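Spelled out from the first residue to the last, the chains are:
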Amino acid sequence: VFTFPSVLLPVKVRVERAPAGVSRSDEIERLYRERGDRIWRALLAFAGDPEVASDAVAEAFAQVLRRGDEVRDPERWVWRAAFRIAAGELKERRRSGVAVNPGSYEMEEPARDLVLALGALSERQRVSVVLHDGAGYPSKEVARIIGSTEAAVRVHLMRGRRRLRELLRDDADG
Amino acid sequence: MAEFGDRFASLARTRAPDLWREIEGREPRDPNEPSSPQRVVVALVAFLVAIAGIGIAAVTFGGSDRPAAAAGGRIAFAAVDGSTWQIYSVAPDGSGLVQLTHLSDMEVASAPAWSPDGGRVAFVVQTFDETGGTRRADIWTMDADGSDPTQVTHGPGSSWSPSWSPDGTQIAYTRVSAHQRDQIWIMDSDGSDPYAFTHCGSECLGDSSPSWSPDGTRIAFVRRTGSGAVIPWSVNVWPVRDPRSLPVPHIELDGATFAAGLSWSPDGSILALDTDLDGAGLYVVDVEEERIRLVTKGPALDPSASSWSPDGNHIVFSGTPPGSESSTLYVADADGTNLRELTGLPPNASWPAWQPTPTETQPEPPPPPTDAGVVDTFTVGPDVRSVVFGEGSVWVATSNNDGSEGGRILRIDPETHEVQAEIPVEVIPTWEVGGGAMVVEEGSLWVTGAIEGPGTDGVSDAAVIRIDTSTNEVAQTFDLGGHVGADLTFLDGDLWVLLFGDDGMEVVRADRETGQLIARFRVAANWAHTLVATDGRLITAVGGDDAVNVDGRMIQIDPATGVVSQIDVPTRSFTPMPVLSRGEVWVSLDPGFTRFAPLAQGFPDPSVELELRFSDCCGFLEGDDRGIWFLSLAPNGTDPTLNLFDPATGDAAGLVELDQGSPVAMAVAPDAVWILNYEGTLTHVRLG
């Protein structure tokens, strides 16, 4: 299910807990098995498009796999990279006029409404809401993941939620 | 539970594809490829709005019109006089060129910056030694006509990029020295008392281009960093008072290879910026939204270094026309349109700085009343809480007097003293010592207090009601959580309420239309009663653990940064209260006043001590352009007197003795003062 831990384990703890002899690629695969679905769903919520989400997640994991020990904190790195990659793809699509939408991907109606409403938020509002309200990360961790300040994240959250509330209320009314 | 939890839970049931096989076999894209999405930062790209081709259009039509003549002020800039760079000034329409400096060819002038009154120009003089190799730069100032040049920095190291504080007393600048990374420093405008404002730590490669915000509270600067995934260039906006107090706006410039020339718009909302974020161009940063957009670009024009007209409607920047190797100045409307070249300037015109229009002298405050007298003291009802004047009426809050939270708002005719309307309300000011918590504004009476909680446990919620003064009916009720509303005010279009929360005091910001909470600011104190808004800040006074006799503290909230700062009141004071007069905040010290100066590092102003003892802790104080109205008591605690304190002279004049009642609250009208008494009476004092 889509329930994220409220706090990420600090990387040192996580590395120490890795069994002796476990290679970095094993560790990355385990990260994917444990977190991949959640990251993908967060990316779906962020990008509003399963293709963009899949590409971003695959590219982020592929990159961290190739970078090996160069990446100190693979989980945070993957989160940040995946969002950046998706943001880049969204920008490309806007430029080339390719529509972004959940398409016919199978999901429940409330989830589809949510994804569509999120699409009306600014990107930083969206990433803040998705990581905080969806993934359960505290605003400080959201700031670390997206490379911002905690205060800025709170502002994005506040504005994003207000907008989302309006959109989903209209949706329910309509 | 997280907000929108049901919908996210629904999303959580969406099946995710298994991508591992693809990940293992995938060849990662080259992260250094310029068009690769990996170089894109989420925050910025969505807001880039390129107004393509404007640079070319500008050159086509440049110089034909004479724009912005009404925008005021001259434009100082640096340009080459034949042998070296000098400072010049010119009118915004391109007329009246004047050379202000006459440096030797061993010196180079740059980066002029006007003092806030437009009277002096700070600028940088770069000097070379005999070999022409080594160099040092110092900041000088001179009068607007070039007279009285004065060197204000004298090394060691170099000083660049001066930016004046809005009160003209200080200059922020970039200091470069051999043993330290570039940092932002602040000095007095005569060069004395320099200190480091930023500290460029381990991941920081240098700070530069300071720009002091028009309200004086913040300094924007460019920071260059250099570690791993960190974006190398960023715009940062730090509070002047305590640069370490976060949070602060931080705007990353992903893809930039340089950034410089920060310049605040006169209203302090946006910063112009010279960077190459998405191709060289003139960008502006919306500081509150932390977003950036492109104003103008053009491969030939290469706009850089900009400055705003005093009215904020125009912007001047330097650019290089196609086919030329020499830059010149352009003036455009603030949105980048209506671009025109200033013709006839010396070559390589750069670093334009638009002269501020000297601030108009403050109008004389209205004269104090020549006489005052009690017209009448009449009964309004039991358990009166607060009084306010507005919309031509006197408004008094009284409770139901039965222990419930509700009561009545009485609208009273100031001439006849008749009750024009009696409005039953669920919320009245609850503070038993009276005063505050009511504001009349734009056809509405706003009242804060407590509303019965949803349960029957007797716990109340802080609430605000809005009464429509055209219908005398409660139009809206906002439940704000917490327990009891203490006072309210308006700032930046939003409603701000000081309230007693679950765990100490809070200031909440709410949408005035919907009551929707926007932000909560914790104030570490057990009590606070009065909230004033001025100069974009909110100020309240609070007490500590001892609710009876306290060392009061002042709390300042900067809504833009969220910074809550605490300032100790200079003397031990029984319930200090902030009050606004002539646009300044004063604090009551009992007996006396002190000024809560803008940017005060504590209270630098001496207190004005009065012999008069104030009548009560809080409801006695009202300020307007005439001064601060307060009630005093004789040493034996009797004989209340209405007084007017003149902030300009520090004198207090007794206006009239009040022979009836024990005052709890006061409202000031243009021609009267209304004093509410514990006895349930209202005293009408006429001002002559």
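Residues numbered from 1 in each chain as written. Chains lettered and ligands numbered in written order. Predicted model: local features only at pLDDT ≥ 70, side-chain atom pairs only at ≥ 80, totals over all residues. Heavy atoms only, no water.

Undergrad: Account for the side chain of R411 of chain B, naming residues and giving values.
TA: Residue and element names in this part refer to chain B. Here R411 shows up in strand 28 (residues 407-412). Here R411 sits buried without a salt bridge, and the closest side chain of opposite charge, E391, lies 5.4 Å off (N-O distance). In terms of polar contacts, R411 uses its side chain to reach the side chain of S393, at 2.9 Å. Excluding its chain neighbours within four sequence positions, the residues that come into contact with R411 are E391, S393, V394, W395, E418, V419, Q420, A421, T469 and N472. (Helix = DSSP H or I, 4+ residues; strand = E, 2+ residues; numbered from the N terminus. Buried < 20%, exposed > 50% of the residue type's maximum accessible area, 1.4 Å probe, protein only. Lys, Arg positive; Asp, Glu negative; His and termini not counted. Salt bridge = Lys/Arg side-chain N within 4 Å of Asp/Glu carboxyl O. Polar contact = N/O pair within 3.5 Å; in protein donor to acceptor, adjacent residues only side chain to side chain. Contact = heavy atoms within 4.5 Å.)

Undergrad: Lay out the pairing of strand 27 (residues 393-399) of chain B with the relevant residues and their values.
TA: Residue and element names in this part refer to chain B. In terms of burial, strand 27 is a largely internal element, seven of the seven residues being buried. Pairing analysis gives six bridges linking strand 26 (residues 384-390) to strand 27, with the strands arranged antiparallel. Residue pairing across strands places V387 opposite V396, the latter belonging to strand 27. Connecting strand 26 to the antiparallel partner strand 27 that follows it, the hairpin turn spans two residues, and E391 within it adopts a positive phi of roughly 55 degrees. Examined bridge by bridge, strand 27 and strand 28 share six bridges and lie antiparallel to one another. Across the sheet, the residue bridging to V394 is I412, located in strand 28. (Pairing = 2+ DSSP bridges.)

Undergrad: Describe the state of the cysteines, with residues and values.
TA: Residues and elements named next belong to chain B. Taken as a whole and assessed by the stated rule, the structure comprises one disulfide over all chains. Shown here is the disulfide that connects C200 with C204, its sulfur atoms set 1.9 Å apart. Looking along the S-S bond of the C200-C204 disulfide, the torsion reads about -95 degrees, which is the left-handed sense. Across the pair, exposure class does not vary: C200 and C204 are buried alike. (Disulfide = S-S within 2.5 Å.)

Undergrad: Pulling in residues and values, what's your account of the packing of aromatic side chains?
TA: The relative placement of two aromatic rings is captured by the distance of their centres and the angle of their planes. All told, the structure shown has 14 aromatic pairs over all chains when counted by the stated rule. Centre to centre, the rings of W446 of chain B and F478 of chain B are 6.4 Å apart; their planes meet at 45 degrees, and the pair counts as tilted. Here W446 of chain B is found in strand 31 (residues 444-452), whereas its partner F478 of chain B is found in strand 33 (residues 473-479), with 32 residues between them in sequence. Since its relative accessible area comes to 2%, W446 of chain B is described here as buried. With centroids separated by 5.2 Å and ring planes inclined at 70 degrees, the aromatic side chains of W446 of chain B and F490 of chain B adopt a geometry described as edge-to-face. With W446 of chain B in strand 31 and F490 of chain B in strand 34 (residues 484-491), this pair connects stretches of sequence that are 44 residues apart. In this structure F490 of chain B comes out as buried when scored by relative accessible area, which is 14%. In textbook terms, an aromatic cluster arises when at least three aromatic residues are bridged by ring pairs, as seen for F46, W79, F83 and Y137 of chain A. (Phe/Tyr/Trp six-rings, centres within 6.5 Å; stacked < 30°, edge-to-face > 60°.)

Undergrad: A description of the packing of helix 6 (residues 123-134) of chain A against helix 7 (residues 139-146) of chain A should follow, citing residues and the corresponding values.
TA: Helices that pack against each other are described as a pair by the angle of their axes relative to one another and the distance between those axes. Residues and elements named next belong to chain A. For the pair helix 6 and helix 7, interaxial distance at closest approach is 10 Å and the crossing angle is 130 degrees. Compared by their axis directions, helix 6 and helix 7 come out oblique. Handedness of the helix 6/helix 7 crossing: right-handed. Residues R124, V127, S128, L131 and H132 of helix 6 pack against S139, V142, I145 and I146 of helix 7. (Axes fitted to C-alpha atoms, helices over the stretch in contact; angles between N-to-C directions. Parallel < 35°, antiparallel > 145°, perpendicular 65-115°, else oblique. Left-handed = near helix turned anticlockwise from the far one by under 90°.)

Undergrad: Tell me about the sheet that holds strand 26 of chain B, and please be specific about residues and values.
TA: Residues and elements named next belong to chain B. With respect to topology, four strands assemble into an open sheet ordered 26-27-28-29, the strand pairing being antiparallel. Both outer strands of the open sheet, strand 26 and strand 29 (419-425), are each paired with one neighbouring strand and no more. With direction set aside, neighbouring strand axes in the sheet form an average angle of 20 degrees.

Undergrad: Pulling in residues and values, what's your account of the packing of helix 2 (residues 24-47) of chain A against helix 4 (residues 74-96) of chain A?
TA: All names here are of chain A. Across the interface, helix 2 lies against helix 4 with an axial gap of 10 Å and an inter-helix angle of 40 degrees. One element, helix 2, and the other, helix 4, form an angle in the oblique class. The crossing of helix 2 and helix 4 is right-handed. In this structure, helix 2 contributes R24, E27, I28, L31, R35, R38, I39, A42, L43, F46 and A47 to the contact, and helix 4 contributes P74, E75, V78, W79, A82, F83, A86, A87 and L90. Here the contact of helix 2 with helix 4 is built from residues that sort into 15 nonpolar, no polar and five charged. (Nonpolar A, V, L, I, M, F, W, Y, C, P; charged D, E, K, R; others polar.)

Undergrad: Account for helix 3 (residues 50-67) of chain A, with residues named and values stated.
TA: Residues and elements named next belong to chain A. Look at helix 3: 26 Å from first C-alpha to last across 18 residues, which is about the 26 Å you get at 1.5 Å a residue. Most of helix 3 is tucked away, with 14 of its 18 residues classed as buried. Between the side-chain oxygen of the N-cap and the backbone nitrogen of E51 there are 2.8 Å, and the N-cap of helix 3 in question is D49. Just downstream of helix 3 lies G68, where phi reads positive at about 55 degrees. (Expected span 1.5 Å × (residues − 1).)

Undergrad: Tell me what's going on with helix 4 of chain A, and back it up with residues and numbers.
TA: Because each turn of an α-helix spans 3.6 residues, side chains separated by three or four positions end up pointing in the same direction. Residue and element names in this part refer to chain A. For helix 4, with 23 residues, the first-to-last C-alpha span of 32 Å sits near the 33 Å given by 1.5 Å per residue. Burial analysis of helix 4 places 17 of its 23 residues in the buried class, the great majority of the element. Just downstream of helix 4 lies G97, where phi reads positive at about 75 degrees.

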